[in-house]
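Listed below are the residues making up each chain.
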Amino acid sequence: MTGKKDRSDARVNVARYRVERMLPPEQADTAATEATERETNAAGQSMMEARAQYVEMAIQQAIRRGEFDNLPGAGKPLANLDRGYDPDWWIRQKIESEKITGLGPPALTLRTENAELDARLDRAHSEAAVTEILNDFNSRVVAARRQLQGGPPVVTPTRDVAEQLALWQERRAERSDAARLAREQEAAALAAMTWRERRRARSQ
């Protein structure tokens, strides 16, 4: 049996060699690849099927060992499913995750800056500073809309300066009221304590 198989294999190899010599190099490479994929193992499977079965078996064994348990995001919905299709999603996600500023096309950097603009305005200490930040932001949005530097279209809106000043004042008043209420509650709590409790609270 072994001798017949060896002779058969030798004849197949000789025939394959002759065919490859007759074919152009490109077709010879394709024929060799197809012949390799048609080769079968001892179980009668093609090599492609055997590889796929091996990979699937390795995955199932890893699952049983728990190697895929407790992965980041396991059991949680995919993020940003509510957003429409954005061809530049990976650039925007990189900018947001790495907190990159000043890099990338204006359409993306301005979108990120717009999302964080309220927090930036709240750190300003005067109406003049808020107005300066808004004017600078609006001027860069208008310049980017002209597409002089190319890139994706800019959809970030400009901010109405008067409206944003009013909102900034409201947020500032709310923070001031919250801080005052917290101080009053702390003072009332201290007043309700005995002198020993107050001394213990101050020493902590």
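Scroll up to find the structure.
Along each chain, residues carry numbers from 1 onward, in the same order as the chain's sequence is written. With the structure being a predicted model, the display of local features is reserved for residues of pLDDT at least 70 and the display and counting of side-chain atom pairs for 80 or more, all residues being used for whole-chain, interface and lining totals. As a rule here, side-chain values cover all heavy atoms of the structure and leave hydrogens and water aside.

K.L.:
What should I look at first to understand the overall build of the chain in this one?
P.N.:
The helix and strand tally for the chain stands at nine helices and zero strands. In this text, helices come from DSSP runs of H or I with a minimum length of four residues, and strands from runs of E with a minimum of two, each type numbered from the N-terminal end. In sequence order, the chain lays out its α and β elements as α-α-α-α-α-α-α-α-α. Within the span of the chain, comprising 204 residues, buried residues form 15% of the whole. Any pair of residues with heavy atoms lying within 4.5 Å of one another is described as a contacting pair. Looking at the chain alone, contacts between residues at least 24 apart form 42% of all its contacts between residues at least 6 apart. In the form shown here, the chain has an accessible surface area of approximately 16100 Å², with 55% of it arising from carbon and sulfur atoms. A simple rule labels every residue: compare its accessible area, found with a 1.4 Å probe on the protein chains alone, to the largest value its type can have, and call it buried under 20%, exposed over 50%, or partly exposed in between. A 1.4 Å probe and the Shrake-Rupley method give the accessible areas. Residues count as covered only by the protein chains that appear here.

K.L.:
Quick question: what am I supposed to make of the environment of A124 here?
P.N.:
Along the polypeptide, A124 turns up in the loop between α6 (117-122) and α7 (127-145). A relative accessible area of 13% places A124 in the buried class. Spatially, the C-alpha atoms of A124 and W168 are 9.3 Å apart, while their sequence positions differ by 44 residues. If near-sequence neighbours (up to four positions away) are discounted, A124 is found in contact with A129, V130, I133 and W168.

K.L.:
Whenever I open this one, the side chain of Q164 confuses me. Can you help?
P.N.:
Here Q164 is to be found in helix α8 (residues 161-191). Q164 gets classed as buried once you look at its relative accessible area, which sits at 7%. If we skip the residues at most four places from it in the chain, Q164 touches D118, L121, L134 and R159.

K.L.:
Teacher, can you tell me more about the pattern of salt bridges here?
P.N.:
Oppositely charged side chains are able to pair whenever their charged atoms sit close together. A side-chain nitrogen of Lys or Arg and a carboxyl oxygen of Asp or Glu constitute a salt bridge if their distance falls within 4 Å. On inspection of all chains with the given rule, the structure shows nine salt bridges. One salt bridge in this structure joins D122 and R171, with 2.8 Å as the shortest N-O distance. Of this pair, D122 sits in helix α6 while R171 sits in helix α8, and the two are 49 residues apart along the sequence. Of the charged contacts in the structure, one is a salt bridge between E184 and R180, with a shortest N-O distance of 3.2 Å. With E184 and R180 both in helix α8 and four residues apart, this pair spans about one turn of that helix. When its relative accessible area of 41% is taken as the criterion, E184 is described as partly exposed. If you follow the salt bridges from partner to partner, you end up with E113, R120, D136 and R140 in one network.

K.L.:
How do you make sense of the nonpolar core when you look at a structure like this?
P.N.:
Note on soluble globular proteins: their nonpolar side chains tend to be buried together. Ranked by size, the top nonpolar core spans 14 residues in total, and within it L110, L117, L121 and V130 carry the most contacts. Of all the elements in the fold, those that place two or more residues in this core are α5 (106-115), α6, α7 and α8. Top contributing element to this core by residue count: α7, with six residues. The residues contacting L121, other than those within four sequence positions of it, are V130, I133, L134, Q164, W168 and R171. Definition of nonpolar core: a set of buried residues of the types Ala, Val, Leu, Ile, Met, Phe, Trp, Tyr and Cys, connected through side-chain atoms within 4.5 Å.

K.L.:
Would you take a moment to explain the side chain of N114 for this structure?
P.N.:
For N114, the position within the fold is in helix α5. N or O atoms within 3.5 Å of each other form a polar contact, as long as, within protein, one can give a hydrogen and the other can take it, and as long as residues adjacent in sequence are counted only when both atoms are side-chain atoms. Side-chain polar atoms of N114 contact the side chain of R159, separated by 3.0 Å.

K.L.:
For this particular structure, what's the right way to read the packing of α7 against α8?
P.N.:
The packing of two helices is summarised by the inter-axis angle and the distance between the axes. A fitted line through C-alpha atoms serves as each axis, taken over the contacting stretch for helices, and the angle formed by two N-to-C directions is quoted from 0 to 180°. Axis separation between α7 and α8 bottoms out at 10 Å; the angle between their running directions is 140°. Compared by their axis directions, α7 and α8 come out oblique. For the element pair α7 and α8, the recorded crossing hand is right-handed. Residues E127, V130, T131, L134, N135 and N138 of α7 pack against V161, Q164, L165, W168 and Q169 of α8. Comment on the angle field: the value is read as roughly parallel under 35 degrees, roughly antiparallel over 145, roughly perpendicular from 65 to 115, and oblique elsewhere. Crossings are assigned a handedness: left-handed for a near helix turned anticlockwise from the far helix by less than a right angle, right-handed for a clockwise turn.

K.L.:
Whenever I open this one, α8 confuses me. Can you help?
P.N.:
Helical geometry note: an α-helix holds 3.6 residues per turn, so side chains three or four residues apart project in the same direction. The terminal C-alpha atoms of α8 lie 45 Å apart, and with 31 residues this matches the ideal 45 Å at 1.5 Å per residue to within 8%. The complete set of buried residues in α8 reads Q164, L165 and W168. Buried residues belonging to α8 abut α6 and α7. The N-cap of α8, judged by a side-chain oxygen 3.3 Å from the amide nitrogen of A162 a few residues on, is D160. Given the number of residues in a helix, its expected span is that number minus one, multiplied by 1.5 Å.

Fair warning: the whole summary comes from geometry, so function is off the table for now.
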